[in-house]
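Inside the fold
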Amino acid sequence: MTSLTLINRATCIFNTLIKLPATKQLVPFFPAYHQHYSVSSKQVSAKMATEKTLPEIFKYVDQNKDSYKQLLKEAVAIPSVSCDVKYRADCIRMVHWMQDKLKEVGASTELRDVGFQTIDGKDVQLPPVLVGVLGNDPKKNTVCIYGHLDVQPALKSDGWETEPFELVERNEKLYGRGSTDDKGPVLGWLHTINAYKGTGAELPVNLKFIFECMEESGSEGLDSLLMDKLKPEGFFDSVDYVCISDNYWLGTTKPCITYGLRGISYYFLEVECAKMDLHSGVYGGTVHEAMSDLIYLMNTLVDKDGKILVTDIYKSVAPLTETETKLYTTIDFDPEAYRKTIGAYKLAHNGVKEQLLMHRWRYPSLSLHGIEGAAFQPGAKTVVPGKVIGKFSVRLVPNQEPEEVEKLVFDYINKKWAERGSPNKMSITAQSGRAWTENPDHPHYQAAARATKLIYQTDPDMSREGGSIPVTITLQEASGKNVLLLPMGAGDDMAHSQNEKINVRNYIEGIKLFAAYLFEVGKLPK
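Bear in mind the structure is a predicted one, so any value in this text is a computation, not a measurement. Every chain's residues receive numbers from 1 upward, in the order its sequence appears when written. Two thresholds apply to this predicted model, a pLDDT of at least 70 for residue-level local features and 80 or more for giving and counting side-chain atom pairs, whereas whole-chain, interface and lining totals are computed over all residues. Excluded from the side-chain calculation are hydrogens and water; included are all heavy atoms of the structure.

What follows deals with the sheet that holds strand S22 (residues 501-503). The strands that make up a sheet pair up through hydrogen bonds in the backbone, lying either parallel or antiparallel. Here three strands make up an open sheet; going across it, the order is S7-S8-S22 and the pairing antiparallel. Looking at strand neighbours, the two that pair on one side only are strand S7 (168-170) and S22, the edges of this open sheet. Taking the axes of each pair of neighbouring strands and ignoring which way they run, one obtains an average angle of 25° across the sheet. Where S7 lies against strand S8 (residues 173-175), three bridges are found, and the strand directions are antiparallel. DSSP bridges decide pairing: two strands pair if at least two such bridges lie between them. Comment: elements are numbered from the N terminus, with helices defined as DSSP H or I runs of at least four residues and strands as E runs of at least two. A fitted line through C-alpha atoms represents every axis, and for helices the fit uses only the stretch in contact; the resulting angles, taken between N-to-C directions, go from 0 to 180 degrees.

Structural data, given as structure tokens:
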């Protein structure tokens, strides 16, 4: 038995036997490179954090980077895939794991039930939402931190070089599903608290936490919890700022702060030709095949250059101003490096930087994602699917309302279906979230910019992003306060793709960034 094992067992036994009040914030003893956080029973007076304290905190982070990697390894090992019901128990396990970690840094926590979802006619329990509080000093600003603990599906056979749920370090990169989206950044906040307390420094702000495990599947149940329960209960009354780290740098070398996101309108286009799958040798040529109808419809949505063909889809897009046009010229973005990172043969819009950024940030895009019910395994399968569901989405931009876009898409599909003249059954449904923007000149953003410059020795780009985090708007509305997106990962992290990773540098320096950010926000007027 190793000494580390003995320490872990002793910690577990101690925490089981000594029942500490949930609200008592204790300064923990943190052995260097310890696998777990632990809470000491001895209250130590903490010193107020100052500029001179930050170098001590940064040194502590460097000294404990191996234990921070180990905790990320533990988190990645839990396959919390929210879109597949067979992993639902793992999603719930992931929430409980994170609850334990929050408690270990001294936070009081609560698991909030958000009900059920219906899958294939059956009610399935949704993972609870983890809500936490650390500190209630009325003289301090309070920051609400949001993150998610669920991940996209991943199989080694998809093209991963290593097992996706085993964190592997290679060439100063940490590969594993969820490493950058979003388990690494979520753990970064815990490591930040760990570093403050490990150096005996008082946290400069109060913290509130909202961690969910359904973000990759539409955050089911979360909006209702935030707006109908937490808000009336007063959870947001003391919140001064909201921070989310669930996005990435634009490139690989220069940090950024994000003040805008596209929304999303996701569609499920279903065509049914029979009540069962059929053998093409027996039934081929005798039925109107659903797959043919679906391919026809999906092929009418977008042209080869990425132009959306849905009627009037661009009508409500905000016009491009001369002032906005100039902003794109100063952004640090290398189209050729971007192309090589993703292995694309050629970029759209002739690879022109300004056009690429505009079509990534301020214009809508339509992407085809897949077909459910079709054969996808290797080898020849001669089935005629009885029912297929095509999946596609439209990324929305400011001035586009989801209800408006959904109607345009529904009307367009129904028109094309009528033109097709098929006797099969067709239906289309959608789930959507609005685009989001903030004011990058807000003091909150300027505090984050100062923190970023302290860590990376350069002013960050103020950028928008092409992705969507629908809860951003809900948190903005629930709190009534400024919302900031502070990325940890780099632009080549390949979130949602094969070989997702986070650079060791981004992970460790990102923890320091969070520490500096909390310090800078703590200096803002209350």
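Now, onward.
A word on the packing of aromatic side chains. Between 30 and 60 degrees the pair is tilted, below 30 it is stacked and above 60 it is edge-to-face, where a pair is any two Phe, Tyr or Trp rings, Trp via its six-membered ring, whose centres lie within 6.5 Å. Tallied over the entire structure, the rule returns 10 aromatic pairs. Centre to centre, the rings of Phe-235 and Phe-236 are 5.1 Å apart; their planes meet at 85°, and the pair counts as edge-to-face. Judged by centre distance (5.2 Å) and plane angle (85°), the rings of Trp-249 and Tyr-456 are edge-to-face. In this pair, Trp-249 is assigned in the loop between strand S11 (241-244) and strand S12 (256-261) and Tyr-456 in helix H13 (residues 443-456), connecting sequence segments 207 residues apart. For the pair formed by Trp-249 and Tyr-456, the shared burial category is buried. By the ring-pair criterion, three or more aromatic residues cluster together here, those being Trp-189, Phe-514 and Tyr-517. Counting as a charge over the ring demands two things of the Lys NZ or Arg CZ atom: a distance within 6 Å of the ring centre and an angle within 35 degrees of the ring normal. Arg-362 extends its terminal NZ or CZ atom over the ring of Tyr-363, reaching a point 4.9 Å from the ring centre. Partly exposed residues are those whose accessible area sits between 20% and 50% of the maximum for their type, while under 20% is buried and over 50% is exposed, using a 1.4 Å probe and protein chains only.

For the rest of this paragraph, the subject is the pattern of salt bridges. Between Lys or Arg on one side and Asp or Glu on the other, a salt bridge is scored when a side-chain nitrogen of the former is within 4 Å of a carboxyl oxygen of the latter. Evaluated as defined, the whole model comprises 29 salt bridges. As a salt-bridge pair, Arg-420 and Asp-293 come within 2.8 Å of each other at their nearest N and O atoms. Separated by 127 residues along the polypeptide, Arg-420 in helix H12 (residues 402-420) and Asp-293 in helix H8 (residues 290-298) bring together distant segments of the chain. Its relative accessible area of 3% is what places Asp-293 among the buried residues. Between Lys-391 and Glu-372 there is a salt bridge, with its nearest N and O atoms 3.0 Å apart. One end of the pair, Lys-391, is in strand S17 (residues 387-396); the other, Glu-372, is in strand S15 (residues 365-372), and 19 residues separate them in sequence. When its relative accessible area of 22% is taken as the criterion, Lys-391 is described as partly exposed. Each of Asp-62, Glu-509 and Lys-512 takes part in a single network of salt bridges with overlapping partners.

On to the nonpolar core, then. In terms of nonpolar packing, the biggest core is built from 98 residues, with Met-98, Tyr-196, Leu-207, Ile-210, Phe-211, Phe-236 and Tyr-517 touching the most fellow members. Here this core takes 12 residues from helix H15 (residues 504-522), the largest share from any one element. Excluding residues within four positions of it along the chain, Tyr-517 makes contact with Val-143, Trp-189, Cys-243, His-444, Ala-448, Ala-451, Leu-484 and Leu-486. Within this scheme, the nonpolar core is defined by two criteria: the residues are buried Ala, Val, Leu, Ile, Met, Phe, Trp, Tyr or Cys, and they are joined through side-chain atoms within 4.5 Å. By size, the runner-up hydrophobic cluster in this structure holds 28 residues, among which are Cys-273, Leu-301, Val-394 and Val-405. Every residue pair with non-hydrogen atoms within 4.5 Å of one another is taken to be in contact.

By the secondary structure assignment, Arg-262 is in the loop between S12 and strand S13 (263-272). Two residue types count as positive, namely Lys and Arg, and two as negative, namely Asp and Glu; His and chain ends fall outside the count. In this structure Arg-262 is buried but unpaired, with Glu-465 as the nearest side chain of opposite charge at 6.7 Å. Identification of polar contacts relies on pairs of N or O atoms within 3.5 Å, with a donor-acceptor requirement for protein atoms, meaning one able to donate a hydrogen and the other able to accept it, and with residues adjacent in sequence counted only if both atoms are side-chain atoms. Here Ser-365 takes part through its side chain, which lies 3.3 Å from a polar atom of the side chain of Arg-262.

Moving on, we get to the UniProt feature "binding site: substrate" (unreviewed entry) in the protein chain. As annotated by UniProt and renumbered to match this structure, "binding site: substrate" (unreviewed entry) occupies Asp-246, His-279, Thr-382, Arg-395, Ser-468 and His-496. These annotated residues cover 251 residues of sequence, and their C-alpha atoms sit far apart, with the largest distance between any two at 45.1 Å. Relative to the helices and strands, Asp-246 resides in the loop between S11 and S12. Residue class for Asp-246 comes out buried when judged on its relative accessible area of 7%. Each residue touching Asp-246, except ones within four places of it in the same chain, is listed here: His-148, Asp-181, Asp-182, Glu-215 and Ile-469. Here the side chain of Asp-246 touches His-148 through a polar contact of 3.2 Å, side chain to side chain. Structurally, Thr-382 can be placed in the loop between S15 and strand S16 (383-384). With residues near it in sequence (within four places) discarded, Thr-382 still touches Leu-278, His-279 and Ser-280. UniProt positions are given in the numbering used here, feature names are shortened, and annotations may be inferred rather than shown by experiment.

Under the UniProt annotation, "active site" (unreviewed entry) lies at Asp-150 and Glu-215. The greatest C-alpha distance among the residues just named is 6.7 Å, despite their covering 66 residues of sequence, which places them together in space. Looking at the secondary structure, you find Asp-150 in the loop between strand S6 (142-148) and S7. Leave out the neighbours within four places in its chain, and Asp-150 touches Ser-80, Ser-82, Asp-181, Glu-212, Cys-213, Met-214, Glu-215, Glu-216 and Ser-217. Looking at Asp-150, its side chain comes within polar contact range of the side chain of Ser-82, at 2.7 Å. Here Glu-215 shows up in the loop between strand S10 (206-212) and helix H6 (222-233). Ignoring sequence-local partners within four residues, the contact set of Glu-215 consists of Tyr-146, His-148, Asp-150, Asp-246, Ser-468 and Ile-469.

Moving on, we get to the pairing of S11. Of the two faces of S11, the one carrying Tyr-241 and Cys-243 and the one carrying Val-242 and Ile-244 are both buried. Inspection of the sheet shows S6 paired to S11 by four bridges, in the parallel sense. Residue pairing in the sheet places Tyr-146 in a bridge with Ile-244 of S11. Here S11 runs beside strand S21 (residues 483-485); their pairing, made up of three bridges, is parallel. Bridge pairing links Ile-244 to Leu-485 in S21.

We now examine the sheet that holds strand S18 (residues 425-433). Across the sheet, which stays open at both edges, the four strands sit in the order S15-S17-S13-S18 with antiparallel pairing between neighbours. Every other strand in the sheet has two partners, leaving S15 and S18 as the edge strands with one partner each. Across the sheet, the mean angle separating the axes of adjacent strands is 20° when strand polarity is ignored. Examined bridge by bridge, S15 and S17 share seven bridges and lie antiparallel to one another. Bridge pairing in S17 links Gly-370 to Lys-391.

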